[in-house]
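Take a look at the letters that make up each chain.
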Amino acid sequence: MLPTSLREKEKAPASHMYFRYMARRYLILAIVGFGVLTLAGRAWWVRERRPFRDTDAPPLPTPPPLPEVLPPLYEKFHEAELRLPQHHWEQRRPRTDEKFLFVAGHSRGCGWGNAMQELLLNAYMAYKAGRSFVFANYTWNDNGSQFSEYNGHKIPSLIPYSAIIQGPIVGAPFPPGDHTPPAVHRDYFDAMCPHKVTYIREDISEIITFKNSAKEITDGWHDKLAGVEEQCVQTAPNSGQIYNFDVFGDPRAMLDIWPELAASPILTHFGWSPLVELAFDTNRDLFLATSSFEPYLTSRPYTTNADRYSMIPGLMAIHVRRGDFEGHCEHLANWSAEYNAFNSFPEMVDPFVPPPHGERGTNSEENKAIYRKHCYPSAEQIVERLREIRKSPAAKGLQKLYIMTNGNQEFISELKNALWRDQDWQMISSSRDMVLNWEQKFVAQAVDMLVGQRAQIFVGNGFSTMTSNIITMRMANRFHPQSTRFW
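Keep in mind that what you see is a predicted model, and the values were worked out from it rather than measured.

Quick notes on the rules
Residues numbered from 1 in each chain as written. Predicted model: local features only at pLDDT ≥ 70, side-chain atom pairs only at ≥ 80, totals over all residues. Heavy atoms only, no water. Helix = DSSP H or I, 4+ residues; strand = E, 2+ residues; numbered from the N terminus. Buried < 20%, exposed > 50% of the residue type's maximum accessible area, 1.4 Å probe, protein only. Polar contact = N/O pair within 3.5 Å; in protein donor to acceptor, adjacent residues only side chain to side chain. Contact = heavy atoms within 4.5 Å. Pairing = 2+ DSSP bridges. Axes fitted to C-alpha atoms, helices over the stretch in contact; angles between N-to-C directions. Core = buried A, V, L, I, M, F, W, Y, C linked by side-chain atoms within 4.5 Å. Parallel < 35°, antiparallel > 145°, perpendicular 65-115°, else oblique. Left-handed = near helix turned anticlockwise from the far one by under 90°. Phe/Tyr/Trp six-rings, centres within 6.5 Å; stacked < 30°, edge-to-face > 60°. Lys NZ or Arg CZ within 6 Å of the ring centre and 35° of its normal. Salt bridge = Lys/Arg side-chain N within 4 Å of Asp/Glu carboxyl O.

**Looking at the side chain of Thr 139**
Alright, step 1. Tracing the sequence through the fold places Thr 139 in strand β3 (residues 137-139).
Alright, step 2. Since its relative accessible area comes to 5%, Thr 139 is described here as buried.
Alright, step 3. Within the local environment of Thr 139, its side chain forms a polar contact with the backbone oxygen of Asn 137, the two atoms lying 2.8 Å apart.
Alright, step 4. Once residues within four sequence positions are removed from consideration, Thr 139 is found in contact with His 106, Ser 107, Arg 108, Gly 109, Ser 157 and Leu 158.

Quick look at the structure:
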């Protein structure tokens, strides 16, 4: 049936009309809600947020301070020292064939160069006396602390010697045929010897003729100990060093003892620790020629000092002291100091004769300038000196230059630039270019000594004990004197 009017045509079912009504209501509510939220958000933004263009963003909170990284304690080296086979911990007293000598008044609070040259002679004294050398630690502070302060930084108070060196001094066997008893650790000595016989330094120093003669001192202690049956012998802790500053500062002190010292296993079988050798191997591109096929030190079994640390062709190493050495050099000038004992062998081609002056304790500015040239040379003086040395026959074929220094980066950059401009080098590097792990950083001077010991040409500071130890090894290994120079 057709509709009779238009109204009848548009009429829909009631359910449809209800859905349309509800849809309109929800749409209106949604629009109103969105508007309310927008207005509320805008009001909150204006109240809580400051415009970027009017002011800076609020500062970030201060981060918590980073924890201080403490120096290493070298526990594994100390543990290995205590496990040496000559340590018979099951005993309560020494065996009948054990005799010990401990220099309890050894140096403390001084640089490695000073400690090392004393250690060599103390070990030789025990060797000559036929007693086990008692070694302790490289000691900055023996007050029981783990760490000490130096130049505003924490350093280990004690470093086991085996973290720096190897060989008979720290308990390795003596070469075949040598029946000297092996060195022992101080802890073992103390455990075996609760009661010790103690002698003072003056027992010998007061009866010898030349008080700075290393040979007279050593022979005096040898004779003193030859008649001692007691097994546990030490020098008095408050008696001081057997070989003290006066000995090592006297250019005549080592001349008479040198032939026997150089031939002894103390030097012929001296070595640098695996930790130090690993640092050398890691950085060998700074020292060795690119085409070198030399095996890594850490891959070789230990033989002898001379065999292991042969000359590196093409390398010049120079020792440039900075920091507090400037004031030290002025002090040396005021007292007309001579080169150190181990830097005063008659074979050396650059002897130093102090300029004459009157009253001790002061000096003229002219004489101080002479000392600075030899002790604390400027970059310009260093360049001039190396130019002169490179003309010598011993310096033929030099390609790489290594600067052993405690100078800051600004000084090193200035020196490197001056050297690059003056001479042709394949590479110039310095102590600051070394890649070292955390344990190696605190024995880095020993790494420099190893490099200096092996250089084709070494230029050292005659007033430095670090230079003294390098020259000791070069002379013991029979490097030609022409290859060892001074400023």
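Still to come is the rest of the account.
**With respect to the sheet that holds strand β1 (residues 100-103)**
Alright, step 1. Read across the sheet, five strands follow the order β8-β2-β1-β10-β9 without closing on themselves; strand pairing throughout is parallel. Each of the sheet's edge strands pairs with one partner strand only, and the pair in question is β8 (184-185) and β9 (197-199).
Alright, step 2. With two bridges joining them, strand β2 (residues 132-135) and β8 adopt parallel strand pairing. Directly across from Val 134, in β8, lies its bridge partner Val 184.
Alright, step 3. Strand contacts of helix α7 (residues 214-226): β1, β9 and β10 (232-235), with the helix running at about 150° to β9, the strand carrying the most contacts.

**Description of the sheet that holds strand β14 (residues 427-430)**
Alright, step 1. Taken in spatial order, the five strands of this open sheet run β14-β13-β12-β15-β16, and their pairing is parallel. Lying at the two open borders of the sheet, with one neighbouring strand each, are β14 and β16 (484-486). Averaged over all pairs of adjacent strands, the angle between strand axes in this sheet comes to 20°, irrespective of strand direction.
Alright, step 2. With six bridges connecting them, strand β12 (residues 312-320) and strand β13 (residues 400-405) associate as parallel partners. Its bridge partner lying in β13, Ile 318 is registered against Ile 403.
Alright, step 3. Each of β12, β13, β15 (455-460) and β16 touches helix α15 (residues 379-389); the most contacted strand, β12, lies at about 150° to it.

**What about the pairing of β15?**
Alright, step 1. Judged by how many residues are buried, β15 sits mostly within the fold: six of six residues are covered.
Alright, step 2. Across four bridges, the pairing between β12 and β15 is parallel. Bridged to Met 316 within β15 is Ile 457.
Alright, step 3. Relative to β16, β15 runs parallel, the two being bridged by three bridges.

**So, the nonpolar core**
Alright, step 1. Counting residues in each nonpolar core, the largest one holds 97 residues, and the members touching the most others are Trp 112, Ile 169, Met 254 and Trp 272.
Alright, step 2. Considering each element in turn, this core owes the most residues, 10 residues, to helix α4 (residues 112-129).
Alright, step 3. Counting residues in hydrophobic clusters, the runner-up holds 22 residues, among them Met 316, Ala 379, Ile 412 and Ala 418.

**A closer look at the packing of α4 against α7**
Alright, step 1. At a minimum axis separation of 9 Å, α4 and α7 run at an interaxial angle of 40°. By the angle between their directions, the pair α4 and α7 is classed as oblique. For the crossing formed where α4 meets α7, the hand is right-handed. Counting all contacts with α4, which are made through Tyr 124, Met 125, Lys 128 and Ala 129, the residues of α7 involved are Lys 215, Thr 218, Asp 219, Trp 221, His 222 and Leu 225.

**Examining the packing of aromatic side chains**
Alright, step 1. All chains considered together, the criterion is met by 23 aromatic pairs.
Alright, step 2. Between the aromatic rings of Phe 100 and Tyr 188, the centroid separation amounts to 6.2 Å while the plane-to-plane angle is 85°, which identifies the pairing as edge-to-face. Here Phe 100 is found in strand β1, whereas its partner Tyr 188 is found in helix α5 (residues 186-192), with 88 residues between them in sequence.
Alright, step 3. Here Tyr 188 falls in the buried class, since its relative accessible area comes to 0%.
Alright, step 4. An aromatic cluster is defined as three or more aromatic residues linked by ring pairs; in this entry it consists of Trp 89, Phe 100, Phe 102, Tyr 188 and Phe 189.
Alright, step 5. If you follow Arg 284 out to its NZ or CZ, it ends over the ring of Tyr 296, 4.3 Å from the centre.
Alright, step 6. Here the guanidinium or amino end of Arg 390 rests over the ring plane of Trp 425, the centre of that ring lying 3.8 Å away.

**A word on the pattern of salt bridges**
Pairing is possible between side chains of opposite charge, provided their charged atoms come close.
Alright, step 1. Applying the stated criterion across every chain yields a total of 23 salt bridges.
Alright, step 2. Salt-bridge contacts for Lys 99 lead to Glu 229; the nearest nitrogen and oxygen are separated by 3.8 Å. Placement of the pair is Lys 99 in the loop between α3 (75-82) and β1 and Glu 229 in the loop between α7 and β10, with a sequence separation of 130 residues.
Alright, step 3. Owing to a relative accessible area of 26%, Lys 99 belongs among the partly exposed residues under this scheme.
Alright, step 4. Measuring nitrogen to oxygen at the nearest pair gives 3.2 Å for the salt bridge that ties Arg 385 to Glu 388. Taken together, the residues Arg 385 and Glu 388, both in helix α15 and three residues apart, mark about one turn of the helix.
Alright, step 5. On the basis of relative accessibility, which here comes to 12%, the residue Arg 385 falls in the buried class.
Alright, step 6. On the basis of relative accessible area, Glu 388 is assigned to the partly exposed category, the value being 46%.
Alright, step 7. Among the charged side chains, a network of salt bridges with common partners joins Lys 128, Lys 215, Asp 219 and Glu 260.

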